[in-house]
Amino acid sequence: MDILLIAGLWLDGSAWDDVVPELTALGHRPVALTLPGQGDGTASATLDDQLAAVLAAVDAAPGKLLVVGHSVASSLAWLAADARPEKVAKVALIGGFPAADGRAYADLFAIEDGVMPFPGWGPFEGADSADLDRETRHRLASAAVPVPEGVARGVVRLTDERRFGVPVVVVCPEFTPAQAEAWIAAGESPELARATSLEYVDLDSGHWPMATCPRDLARVLAEATSS
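Residues numbered from 1 in each chain as written. Predicted model: local features only at pLDDT ≥ 70, side-chain atom pairs only at ≥ 80, totals over all residues. Heavy atoms only, no water.

(A) Representation of empty space enclosed by the protein in the model. Under the defined criterion, the tally for this structure stands at one cavity of 30 Å³ or more. When its volume is computed, the largest cavity comes out at roughly 70 Å³. Lining the largest cavity we find Leu-9, Trp-10, Leu-11, Phe-118, Trp-121, Leu-140, Ala-141, Ala-144 and Trp-208. Tallied by class, residues from the lining of the largest cavity come to nine nonpolar, no polar and no charged. (1 Å grid on protein atoms, 1.4 Å probe; cavity = no way out; pocket = protein on both sides within 12 Å on 5 of 7 lines; lining within 4 Å. Points joined across faces, edges and corners; volume = space filled by probe spheres on them. Nonpolar A, V, L, I, M, F, W, Y, C, P; charged D, E, K, R; others polar.)

(B) Broad picture of the sheet that holds strand S8 (residues 198–202). Ordered in space as S2-S1-S3-S4-S7-S8, the six strands form an open sheet in which the pairing is parallel. On the outer flanks of this sheet lie strand S2 (29–33) and S8, each paired with one strand and no other. Strand-to-strand twist across the sheet, computed as the mean angle between neighbouring axes with direction ignored, equals 20°. When strand S4 (residues 88–94) meets strand S7 (residues 168–172), the two strands line up parallel, connected through four bridges. (Pairing = 2+ DSSP bridges. Helix = DSSP H or I, 4+ residues; strand = E, 2+ residues; numbered from the N terminus. Axes fitted to C-alpha atoms, helices over the stretch in contact; angles between N-to-C directions.)

(C) Examining the side chain of Gln-38 more closely. Positionally, Gln-38 belongs in the loop between S2 and helix H2 (47–60). Within polar-contact distance, the side chain of Gln-38 engages the side chain of Gln-50 at 3.1 Å. Those residues in contact with Gln-38 that sit more than four places away from it in its chain are Gly-8, Leu-9, Trp-10, Leu-11, Asp-12, Gln-50, Val-145, Val-147 and Val-151. (Polar contact = N/O pair within 3.5 Å; in protein donor to acceptor, adjacent residues only side chain to side chain. Contact = heavy atoms within 4.5 Å.)

(D) Spatial organisation of the pairing of strand S3 (residues 65–70). Of all six residues in S3, six are buried, a share of seventy percent or more. Burial along S3 is two-sided: the residues Leu-65, Val-67 and Gly-69 and Leu-66, Val-68 and His-70 are all buried. One ladder, built from five bridges, connects strand S1 (residues 2–6) with S3; its direction is parallel. When the sheet's bridge partners are listed, Leu-5 is paired in S3 with Val-68. (Buried < 20%, exposed > 50% of the residue type's maximum accessible area, 1.4 Å probe, protein only.)

(E) Region of the structure containing the state of the cysteines. Taken as a whole and judged by the stated rule, the model has zero disulfides. The closest cysteine sulfur to the non-disulfide-bonded Cys-172 is located on Cys-213, 13 Å from its own sulfur. Exposure remark for Cys-172: the relative accessible area of 0% places this residue in the buried category. Given the relative accessible area of 11%, Cys-213 is considered buried. (Disulfide = S-S within 2.5 Å.)

(F) View of the packing of H2 against helix H3 (residues 74–83). Where H2 meets H3, the axes come as close as 10 Å, and the angle between the chain directions of the two elements is 60°. Classed by the angle they form, the pair H2 and H3 counts as oblique. Seen along the crossing, H2 lies across H3 with a hand that is right-handed. Within the contact between the two elements, H2 uses Leu-47, Gln-50, Leu-51, Val-54, Leu-55 and Val-58 and H3 uses Leu-76, Leu-79, Ala-80 and Ala-83. Grouping the amino acids of the contact of H2 with H3 by side-chain chemistry returns nine nonpolar, one polar and no charged. (Parallel < 35°, antiparallel > 145°, perpendicular 65-115°, else oblique. Left-handed = near helix turned anticlockwise from the far one by under 90°.)

(G) Broad picture of the pairing of S7. Summarising burial for S7: five of the five residues are buried, a large majority. Covered by surrounding structure in S7 are Val-168, Val-170 and Cys-172 together with Val-169 and Val-171, the residues of both alternating faces. When S7 meets S8, the two strands line up parallel, connected through five bridges. Of the residues in S8, the one forming a bridge with Val-170 is Tyr-200.

(H) View of the pattern of salt bridges. Evaluation of the coordinates by the stated rule reveals 11 salt bridges. Arg-153 is the partner of Glu-149 in a salt bridge, and the nearest nitrogen-oxygen pair spans 2.8 Å. Note on Glu-149: relative accessible area 29%, which makes it partly exposed. Of the charged contacts, one joins Asp-160 and Arg-162 as a salt bridge, the two residues approaching to 2.7 Å between their closest N and O atoms. We classify Asp-160 as buried; its relative accessible area is 18%. Residues joined in a network through salt bridges with shared partners are Asp-82, Arg-163 and Glu-191. (Salt bridge = Lys/Arg side-chain N within 4 Å of Asp/Glu carboxyl O.)

(I) Focus on the packing of aromatic side chains. Within the structure shown, the criterion is met by 13 aromatic pairs. Consider the rings of Trp-10 and Phe-109, whose centres lie 5.7 Å apart with planes at 50°: the pair is tilted. In this pair, Trp-10 sits in the loop between S1 and helix H1 (20–25) while Phe-109 sits in the loop between S4 and strand S5 (115–116), placing the two residues 99 residues apart along the sequence. Measuring from ring centre to ring centre gives 5.7 Å for Phe-97 and Phe-175, while their planes differ by 25°; the resulting arrangement is stacked. A residue pair is termed long-range when its members are at least 10 positions apart, and Phe-97 in the loop between S4 and S5 and Phe-175 in the loop between S7 and helix H6 (177–185) qualify at 78 residues. Of the residues examined, Phe-97 reaches a relative accessible area of 26% and is grouped as partly exposed. An aromatic cluster is defined as three or more aromatic residues linked by ring pairs; in this entry it consists of Trp-10, Phe-109, Phe-118, Trp-121, Phe-124 and Trp-208. In this structure, Arg-137 packs its charged tip against the face of Trp-121, placed 5.6 Å from the ring centre. (Phe/Tyr/Trp six-rings, centres within 6.5 Å; stacked < 30°, edge-to-face > 60°. Lys NZ or Arg CZ within 6 Å of the ring centre and 35° of its normal.)

Okay, structure coming up:
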């Protein structure tokens, strides 16, 4: 199956470099997307530009596909399900939950000169980064691309309720499936609360499993294509 890989904030398509060959070896056709404004040199990109790139990749797939969103990009994966419910076979969300209609995409950190730079590791101390060694931290921080303000502060717009019929796999890295289920039941993810097919998968890692356990992550995603 075609698997579209969408990385979260500050990451470009190279974030999946260690996952792609593992998925290929398992018989899948992974596509690691570099989003506008996150690696293509376009500082003026908007959330609409990023969604257009995602939908172009979805439309280019010969059949239905698995759309994978990491962290904040869970919202982009869900927007793809909203815009192309007939093409998205399943959505896999890694360490993130989709924003509700009308909410800002990722207005989470300070904007400086029109972009949201990587804020350093301080905000991510604890379970998020516990499995990152010094070398991996340095590599991720050095490669981090400041996210354009038009992306971070873009407004999520959801229009097609058929998205709720698209199966969802919630991949739980720095939190447990029980925690994710409790958060959704408590109303912290209104979108996933309405999903008709919701599966939880545990992954023993921090927030960036593509960097720390790419083989395990690839196995989870491959299993998601057939579950």
